[in-house]
Amino acid sequence: MPEKNKEPNVEEINEVLTKRAIAFPTAEIYGGVAGIYEYGPVGTMIRQKIMSLWRSFFVWSEDNVFEIEGSLLLPEPVFKASGHLDTFNDPLVQCEKCKSMFRADHLVEDTTGERADALSLEELEAKIKELNIKCPKCGGPLGEPRQFNLMFGTYIGATKGHPAYLRPETAQNIFLDFRRVAHAMRATLPFAIAQIGRSFRNEIAPRNFLVRMREFTQMELEIFAHPEQLNDHPNFYEVEDKIIRLLTREMQKKGETEPMSLTIKEAFEKRYIPNQFMAYYIAKEAMFIEELGIPTDNFWFRELLEEETAHYSAANFDLEIKTPMGIIECVGNAYRQDYDLSKHSKYSKTKLVIQYKNKPVVPHVVEPSFGLDRIFYILMLVSYRGEEDRKWSWFKLPPHIAPFHVKVCPLMKKDGLDDAAYEIYQELKDSFDVIYDQTGSIGKRYARADEIGIPYCITIDYNTLENDTVTIRDRDTMEQIRVSHEDLDEVLSLLIDEGESWENIKEDFGLPEPKE
RNA sequence: GCGCCGGUGGUGUAGUGGCUAGCAUUAGGGCCUUCCAAGCCCUCGACCCGGGUUCGAAUCCCGGCCGGCGCACCA
């Protein structure tokens, strides 16, 4: 969750995101809706690249990971089973005098010292009366407790048919589809089902732009493993030396705030992380976040405190990232055990088991859940560069995440430079995300490229017509080198796909600038 | 949800009861231009929404919406 120490430039960044139509309020011509946002062309392209990187990390490079796309609208019984109908209903009371809102169950708990989260509204009201609980703030009388449901509800069918809800998490579809997918894909333990999709929560107070949204995108993975297999991940050796930063529950209780650094192997062997499957994914998450260009020092995994932990989860680790607007949680890891499959099995009267060594077993579930919008927003926040070092703001996005890899410009739109440039643009289109720009001065076009984080600009000048060379301008250094047209594809592919450094490219491919 | 503050072209702003609603920038078009937001000309574009007060409302009042901050909330 974001902390309060906002730096002044967050609003500036939000403004740039809106101005450039990267992300902006939904239905803004009607005044907008709190907590719902649109992504414009540039935002969409960046998000596609994050999703694609996620797939390559967690789906394509793994064995036995099956991606699905579930429906957003699910019938009520699903949420009776999952527990969301109960736990997503927060009982709130309002002070009749100062209008402050409180959790009714929390007030009762604070007064009695006993758990009250299972009490009904009527019971809570009775307790409040009985114990004569007053407003903790002003001592005024409290009103009746009301349910505040965080799910968006509706009805399926023309005449008040079946109650249904927009899913509050993507996970449920995976459990619902578990049996059919496992069967059809001939899955054997361990295996995983992945999903990228929208979820909906009717937040009481959405805030902080893309951090707390009412409609948001999750990238989730439910990993199914035999309960006795949880410390035996087949590929753990591949990640075991990965160093992560970790803040355990113990450390937090002692008031420590600085995470420790250790290898994932050590974190697992000391049982800071309760099972090897979870450890494996935590290591991969760290690699994924680094691949997005977030420095290792800026993120860590924090074990949630008991009171922050959901009832079904035996262990929770959040990946938290330090940003200009505070600490933002962007991945949640939960060990859901057999909670979901057992519940759905019971409520649906369907056996949700899989065969393992000729015996039926209810697998245990490890769940890494990524908030795509938050990851996207964090990337924009941390890559943002204000107007200190140049006369315009820019985004230092990693080349492979940038909306466009390359902008192609004719130095001027005459003398055939424009035609030559357009030809090179068409040619590069096959391998890269390219945009063509011939309007305005060349400096202005470089500035426009910087503003949306395009890492490289190719400029076609009079030398191109003479000796078939072009210049490449590097966003980060603003330096320019000349390379031969022939090498262009290779140079760009080294820079963008291979992550080759600008310095090395300069050395290996840079040509001397021809004399006037 | 509560409280405080705010809302004028895409963006930043000027405008304290009577303006043809001004400026800068962006964007589109044109001229010019041999590498980092050059210059010149033309053009598009705004008073958040709904009521009320008033001869007259961007301006005052009420309600709503949106945003910021604080509180509460965040399975």
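Since the structure is predicted, the reported quantities are computational estimates derived from the model, not experimental observations.

Trainee: Looking at this structure, I do not really get the nonpolar core. What am I missing?
Mentor: In summary, soluble globular proteins display a tendency toward joint burial of nonpolar side chains. With 83 residues, the main nonpolar core has Ile50, Trp54, Ile244, Phe288 and Leu292 as its most contacted residues. When residues in this core are grouped by element, the largest group, 10 residues, is from helix H11 (residues 276-291). Once residues lying within four places of it in the same chain are set aside, the contact partners of isoleucine 50 are Met219, Phe288, Leu292, Leu372, Ile375, Phe376, Leu379 and Ile401. Listed in part, the 26 residues of the second largest apolar core include Ala420, Val470, Ile472 and Leu488.

Trainee: Please clarify how the pairing of strand S22 (residues 406-410) should be interpreted in this entry.
Mentor: Each regular strand displays side chains that alternate between the two surfaces of the sheet. Among the five residues in S22, five count as buried, and that is most of the element. With burial as the criterion, each face of S22 is covered, one bearing Val406, Val408 and Pro410 and the other bearing Lys407 and Cys409. A crossover connection joins S22 to the parallel strand S23 (residues 434-436) through helix H14 (residues 417-428); in handedness this β-α-β unit is right-handed. Here S22 pairs with strand S24 (residues 456-460) via five bridges, running parallel. Paired with valine 406 across the two strands is tyrosine 456, which belongs to S24.

Trainee: How should I be thinking about the packing of helix H2 (residues 41-60) against helix H13 (residues 372-383) in this particular structure?
Mentor: When two helices pack together, their arrangement is captured by the angle between the axes and the distance separating the axes. Running from N to C, H2 and H13 point in directions that differ by 115°, and their axes come no closer than 10 Å. The angle between H2 and H13 places the two elements in the roughly perpendicular class. As for how H2 packs across H13, the hand of that crossing is right-handed. Contacts between H2 and H13 involve Gly43, Ile46, Arg47, Ile50 and Met51 from the first element and Leu372, Asp373, Ile375, Phe376, Leu379 and Met380 from the second. By residue class, the composition of the contact of H2 with H13 is eight nonpolar, one polar and two charged.

Trainee: Where do I start with a negative patch on the surface in this structure?
Mentor: On the surface, Asp419, Glu423, Glu427, Asp430, Asp468, Glu486, Asp489 and Glu490 cluster together to form a negatively charged patch. Every element with two or more residues in the negative patch is listed here: H14 and helix H17 (488-496). Counting residues per element, the negative patch draws most heavily on H14, which supplies three residues. Among the secondary structure elements, aspartate 468 is positioned in the loop between helix H16 (462-467) and strand S25 (469-474). Using a relative accessible area of 40% as the deciding quantity, one classes aspartate 468 as partly exposed.

Trainee: Quick question: what am I supposed to make of the packing of aromatic side chains here?
Mentor: Given two aromatic rings, one states the distance between the centres and the angle between the planes to describe the pair. On inspection of all chains with the given rule, the structure shows 24 aromatic pairs. When the centroid spacing of 5.8 Å and the interplanar angle of 80° are considered together, the rings of tryptophan 54 and phenylalanine 370 count as edge-to-face. Taken as a pair, tryptophan 54 in helix H2 and phenylalanine 370 in strand S19 (residues 364-371) lie far apart in primary sequence, 316 residues in all. For the pair formed by tryptophan 54 and phenylalanine 370, the shared burial category is buried.

Trainee: Explain the side chain of aspartate 450 here, please?
Mentor: Tracing the backbone through its elements, the reader meets aspartate 450 in helix H15 (residues 442-451). Once you skip the residues sitting within four places of it in the chain, aspartate 450 turns out to touch Arg390, Trp392, Ser393, Trp394, Phe395, Arg473 and Arg475.

Trainee: Mind showing me how you'd approach the packing of H17 against helix H18 (residues 502-509) here?
Mentor: Axis separation between H17 and H18 bottoms out at 10 Å; the angle between their running directions is 160°. Judged by the angle between their axes, H17 and H18 are roughly antiparallel. Like other packed secondary-structure pairs, H17 and H18 cross with a definite hand, here right-handed. Taking contact as the criterion, the partners of Glu490, Val491, Leu494 and Leu495 in H17 are, on H18, Trp502, Ile505 and Phe509.

Trainee: Can you walk me through unusual backbone geometry in this structure?
Mentor: Phi is mostly negative for residues that are not glycine, and the peptide bonds are mostly trans. Cis geometry is found at the peptide bond from leucine 189 to proline 190, where omega equals -5°. Relative to the helices and strands, proline 190 resides in the loop between helix H7 (171-184) and strand S10 (191-200). Backbone geometry places glutamine 337, a non-glycine residue, at a positive phi of 50°. Position of glutamine 337 relative to the elements: it lies in strand S16 (residues 326-337). Of the residues examined, glutamine 337 reaches a relative accessible area of 29% and is grouped as partly exposed.

Trainee: Is there a simple way to think about the pattern of salt bridges in this case?
Mentor: Side chains that carry opposite charge are capable of pairing whenever their charged atoms lie near each other. Overall, the coordinates contain 26 salt bridges when judged by the stated rule. In this structure, arginine 374 and glutamate 329 form a salt bridge, with 3.9 Å as the shortest nitrogen-oxygen distance. Of the two residues, arginine 374 is situated in helix H13 and glutamate 329 in strand S16; the sequence distance between them amounts to 45 residues. A residue is classified by how much of its surface remains accessible, and arginine 374, at 14% relative accessible area, is buried. Here glutamate 329 falls in the partly exposed class, since its relative accessible area comes to 22%. For arginine 390, the salt bridge is made with aspartate 450, and the minimal N-O distance between the two is 2.8 Å. Residue arginine 390 is located in the loop between strand S20 (384-385) and strand S21 (394-395), and its partner aspartate 450 is located in helix H15; the two are separated by 60 residues in the primary sequence. Residue arginine 390 is classed as buried on the basis of its relative accessible area, which comes to 7%.

Trainee: Sorry, what's going on with empty space enclosed by the protein here?
Mentor: Any empty space left between the atoms is revealed when a probe the size of a water molecule rolls over them. What the rule picks out here adds up to one cavity of 30 Å³ or more. The space that makes up the largest cavity amounts to roughly 30 Å³. Every residue along the wall of the largest cavity is listed here: Ile243, Ile244, Arg245, Ala286, Glu290, Thr296, Phe299 and Phe301. Taken together, the elements giving at least two residues each to the lining of the largest cavity come down to strand S12 (243-247), H11 and strand S14 (299-303). The biggest single contributor to the lining of the largest cavity is S12, with three residues.

Trainee: What exactly am I supposed to notice about the sheet that holds S22 here?
Mentor: Taken in spatial order, the five strands line up as S23-S22-S24-S25-S26 in an open sheet, and their pairing is mixed. The outermost strands of the open sheet, each flanked by one partner alone, are S23 and strand S26 (480-484). Taken pair by pair, the neighbouring strands of this sheet meet at an average axis angle of 25°, ignoring direction. Direction of pairing for S24 relative to S25: antiparallel, over a ladder of four bridges. Counted as the bridge partner of cysteine 457 is arginine 473 from S25. Against the sheet, H14 engages S22, S23, S24 and S25, with an angle of about 160° to S22.

Quick notes on the rules
- Residues numbered from 1 in each chain as written.
- Chains lettered and ligands numbered in written order.
- Predicted model: local features only at pLDDT ≥ 70, side-chain atom pairs only at ≥ 80, totals over all residues.
- Heavy atoms only, no water.
- Core = buried A, V, L, I, M, F, W, Y, C linked by side-chain atoms within 4.5 Å.
- Buried < 20%, exposed > 50% of the residue type's maximum accessible area, 1.4 Å probe, protein only.
- Helix = DSSP H or I, 4+ residues; strand = E, 2+ residues; numbered from the N terminus.
- Contact = heavy atoms within 4.5 Å.
- Right-handed = clockwise from strand over helix to strand, strands pointing away.
- Pairing = 2+ DSSP bridges.
- Axes fitted to C-alpha atoms, helices over the stretch in contact; angles between N-to-C directions.
- Parallel < 35°, antiparallel > 145°, perpendicular 65-115°, else oblique.
- Left-handed = near helix turned anticlockwise from the far one by under 90°.
- Nonpolar A, V, L, I, M, F, W, Y, C, P; charged D, E, K, R; others polar.
- Patch = residues over 30% accessible without salt bridge, like charges linked within 9 Å, V, L, I, M, F, W, Y side chains within 5 Å.
- Areas by Shrake-Rupley, 256 points an atom, 1.4 Å probe, with all protein chains shown as cover.
- Salt bridge = Lys/Arg side-chain N within 4 Å of Asp/Glu carboxyl O.
- Lys, Arg positive; Asp, Glu negative; His and termini not counted.
- Charge placed at Lys NZ, Arg CZ, Asp CG, Glu CD.
- Phe/Tyr/Trp six-rings, centres within 6.5 Å; stacked < 30°, edge-to-face > 60°.
- 1 Å grid on protein atoms, 1.4 Å probe; cavity = no way out; pocket = protein on both sides within 12 Å on 5 of 7 lines; lining within 4 Å.
- Points joined across faces, edges and corners; volume = space filled by probe spheres on them.

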